[in-house]
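Okay, here's what each chain looks like letter by letter:
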Amino acid sequence: MNDEAERQSGTVKFFNQSKGYGFITPDDGGKDVFVHVSAVEQSGVGPLDGGMRVSFATEPDKRGKGPKAIDLQIEEPKESEESEESEESEESEESEESEESEESEESEESSESP
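Residues numbered from 1 in each chain as written. Predicted model: local features only at pLDDT ≥ 70, side-chain atom pairs only at ≥ 80, totals over all residues. Heavy atoms only, no water.

(A) Representation of the overall build of the protein chain in the model. Within the protein chain one finds 3 helices and 5 strands. Moving toward the C terminus, one meets the helices and strands of the protein chain in the order α-β-β-β-α-β-β-α. Contacts in the protein chain between residues far apart in sequence, at least 24 positions, make up 43% of those at least 6 positions apart. Here the protein chain has roughly 8,500 Å² of accessible surface; of this, 44% comes from carbon and sulfur atoms. (Helix = DSSP H or I, 4+ residues; strand = E, 2+ residues; numbered from the N terminus. Contact = heavy atoms within 4.5 Å. Areas by Shrake-Rupley, 256 points an atom, 1.4 Å probe, with all protein chains shown as cover.)

This is the structure we're talking about:
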């Protein structure tokens, strides 16, 4: 059995630490997947918070209520999101540098006139 083929990615919809459960919204648009605190503890990922990106496998719930998440892993933010942020910061740095060079050129021109 290939576990990787059954893995899904999704976003934690919510996780109630005191009640010991929550739900993950899968990226594929399927129904939210139940996640129990025991699965979180067994995975060793630490506490879940709403909005976290996770990957997980599923298994049928023993009570027949649908699939439940197991073998959770925290996913890093997508590279495209990170690269967009870094591009924006690079652009703002470049515009600041060009403004500074324009100012220095103007001051040089004014100091050269008699």
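(B) Inspection of the environment of Val35 at higher detail. Looking at the element boundaries, Val35 is found in strand β3 (residues 33-36). Expressed as a C-alpha distance, the spacing of Val35 and Tyr21, which sit 14 residues apart in the sequence, is 5.6 Å. Once residues within four sequence positions are removed from consideration, Val35 is found in contact with Phe15, Gly20, Tyr21, Gly22, Phe23, Ile24, Val40, Leu48, Ala69 and Leu72.

(C) Broad picture of the nonpolar core. Counting residues in each nonpolar core, the largest one holds 13 residues, and the members touching the most others are Phe15, Ile24, Val35, Leu48, Phe56 and Leu72. Elements that contribute at least two residues to this core include exactly β1 (8-16), β3, α2 (37-43), β4 (53-60) and β5 (67-74). A per-element tally of this core places α2 first, with 3 residues. Setting aside residues up to four positions removed in sequence, Leu72 forms contacts with Arg7, Ile24, Val35, Ala39, Val40, Ser43, Val45, Leu48, Ser55 and Phe56. (Core = buried A, V, L, I, M, F, W, Y, C linked by side-chain atoms within 4.5 Å. Buried < 20%, exposed > 50% of the residue type's maximum accessible area, 1.4 Å probe, protein only.)

(D) Layout of the side chain of Lys68. Mapped onto the elements, Lys68 comes out in strand β5. Given the relative accessible area of 19%, Lys68 is considered buried. What Lys68 contacts, discounting residues up to four positions off in sequence, is Val33, Phe34, Ala57, Thr58, Glu59, Pro60 and Asp61.

(E) View of the packing of aromatic side chains. According to the stated counting rule, one finds 5 aromatic pairs in the structure shown. With a centroid separation of 5.8 Å and 50° between ring planes, the pair formed by Phe14 and Phe23 is classed as tilted. A relative accessible area of 35% places Phe14 in the partly exposed class. Seen in terms of ring centroids, Tyr21 and Phe23 are 6.4 Å apart; in terms of plane orientation they differ by 90°. Their pairing is edge-to-face. Through successive ring pairs, a cluster of aromatic residues spans Phe14, Tyr21, Phe23 and Phe34. (Phe/Tyr/Trp six-rings, centres within 6.5 Å; stacked < 30°, edge-to-face > 60°.)

(F) Quick look at the side chain of Ser55. Along the chain, Ser55 falls in strand β4. A polar atom in the side chain of Ser55 sits 2.9 Å from the side chain of Arg7. If near-sequence neighbours (up to four positions away) are discounted, Ser55 is found in contact with Arg7, Gln8, Ser9, Asp71, Leu72, Gln73 and Glu75. (Polar contact = N/O pair within 3.5 Å; in protein donor to acceptor, adjacent residues only side chain to side chain.)

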